[in-house]
Amino acid sequence: MLANFSKNFFLRVSRNILLNRAAKKWGLRFGASQVVAGVTIESVIKKTQELNEKGLVCTLDHLGEFVSSKEEAIEATDYNVRTLEAIEAAGVNSHLSVKLTQLGLDIDRDFCIQNMKRILETAKQTNNFVRIDMEDYTHCQITLDILKELRDTYDNVGTVIQAYLFRANQDVLDLEGVRLRLVKGAYHESPEVAYQNKKDVDNNYLKLIKTHLLSGSHTAIATHDHEIIEKVKQFVQENNISKDQFEFQMLYGFRKDMQVSLAQEGYMMRVYIPFGDDWFAYFMRRMAERPQNVLFGIKGLFSKR
């Protein structure tokens, strides 16, 4: 009961536009620096280099969701382009992750697509890959529609499927051959569209992983759940699935020892690294996911940062 209250509280706070705007002026606070790798491209490239040296590959995510003008969306697009260029210049091993709402999806669909094409062109020129993050349920179908349109021209783009959604299994079947990042899901969704019970989400998550792997599609398994990771290891071994066909992914700042351990075992281990001054909504969703994460906030109250 208390856990559900905590989760709902942090998810509601994450959507508060005034708090999100205020947080840009605060700097990284409340323990956010433990899960957000700085506010500039230079700082996140340095973190990426450090992780690469440990045998870990990365995905950079310039945080930002509440975009209300075309000027903000163009600025975000420019920043993502510069991030890809910085990855290339530094020679680090990292992909890029973007949110369509940051690129103006809620303002104008075609405008958003043009911004996305700018990013994909840069990624193509720098031989890189871009993943479109999945957002809340109201953006799910339009995200998949835009992905399909983009893939008519670009093959260096994929997306994310959230296992708590009832529609996820059909989406994975429809996206055979597409590089997918499979997650459990971190938004507050209605019982009409999403599983509410952890066991149901976990069962569906494993089902999606197996389905996509067996189709021969590249699969990114994004979880900190050691039990699921062990089950995946067993499944790929039993089905002779090459380690080149999948990778494990975890968030920056979480289960760092396990990340290094998986890399040492010969698995591709990718660290998802968020950065930027628009960190508040992301951090609140991490707090909502597990009660233990609140410790980040408690520690942060005593931080000088």
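Residues numbered from 1 in each chain as written. Predicted model: local features only at pLDDT ≥ 70, side-chain atom pairs only at ≥ 80, totals over all residues. Heavy atoms only, no water.

Visitor: Quick one: what's the story with helix α4 (residues 70-90), residue by residue and with numbers?
Guide: Taking 1.5 Å of rise per residue, the 21 residues of α4 would be expected to cover 30 Å, and the 30 Å separating its terminal C-alpha atoms lies within 8% of that figure. What α4 keeps buried is the set A73, A76, T77, Y79, N80, V81, T83, L84, A86 and I87. For α4, the secondary structure elements touched by its buried residues are α3 (41-53), β1 (57-62), β2 (94-98), α5 (109-125) and β8 (269-275). Of the residues flanking the end of α4, it is G91, one or two places downstream, whose phi is positive at about 70°. (Helix = DSSP H or I, 4+ residues; strand = E, 2+ residues; numbered from the N terminus. Expected span 1.5 Å × (residues − 1). Buried < 20%, exposed > 50% of the residue type's maximum accessible area, 1.4 Å probe, protein only. Contact = heavy atoms within 4.5 Å.)

Visitor: Hey, could you go over the packing of α3 against α4 for me, with residue numbers and the actual values?
Guide: Two elements in contact, α3 and α4, have axes separated by 11 Å at closest approach and are oriented at 40°. In terms of orientation, α3 lies oblique with respect to α4. In this structure, α3 crosses over α4, and the sense of that crossing is right-handed. Contacts between α3 and α4 involve I41, I45 and Q49 on the former and, on the latter, Y79, R82, T83, A86, I87 and A90. Tallied by class, the residues present in the contact of α3 with α4 amount to 6 nonpolar, 2 polar and 1 charged. (Axes fitted to C-alpha atoms, helices over the stretch in contact; angles between N-to-C directions. Parallel < 35°, antiparallel > 145°, perpendicular 65-115°, else oblique. Left-handed = near helix turned anticlockwise from the far one by under 90°. Nonpolar A, V, L, I, M, F, W, Y, C, P; charged D, E, K, R; others polar.)

Visitor: Summarise the nonpolar core; cite the residues concerned and give the values.
Guide: Formed by 76 residues in total, the largest nonpolar core has its most connected members in M116, I161, F248 and I273. Leaving out residues up to four positions away in the same chain, M116 has contacts with V98, L100, L103, V130, I132, L150 and V157. Grouped together as the second largest cluster of nonpolar side chains are 6 residues, V35, V36, L63 and F254 included. (Core = buried A, V, L, I, M, F, W, Y, C linked by side-chain atoms within 4.5 Å.)

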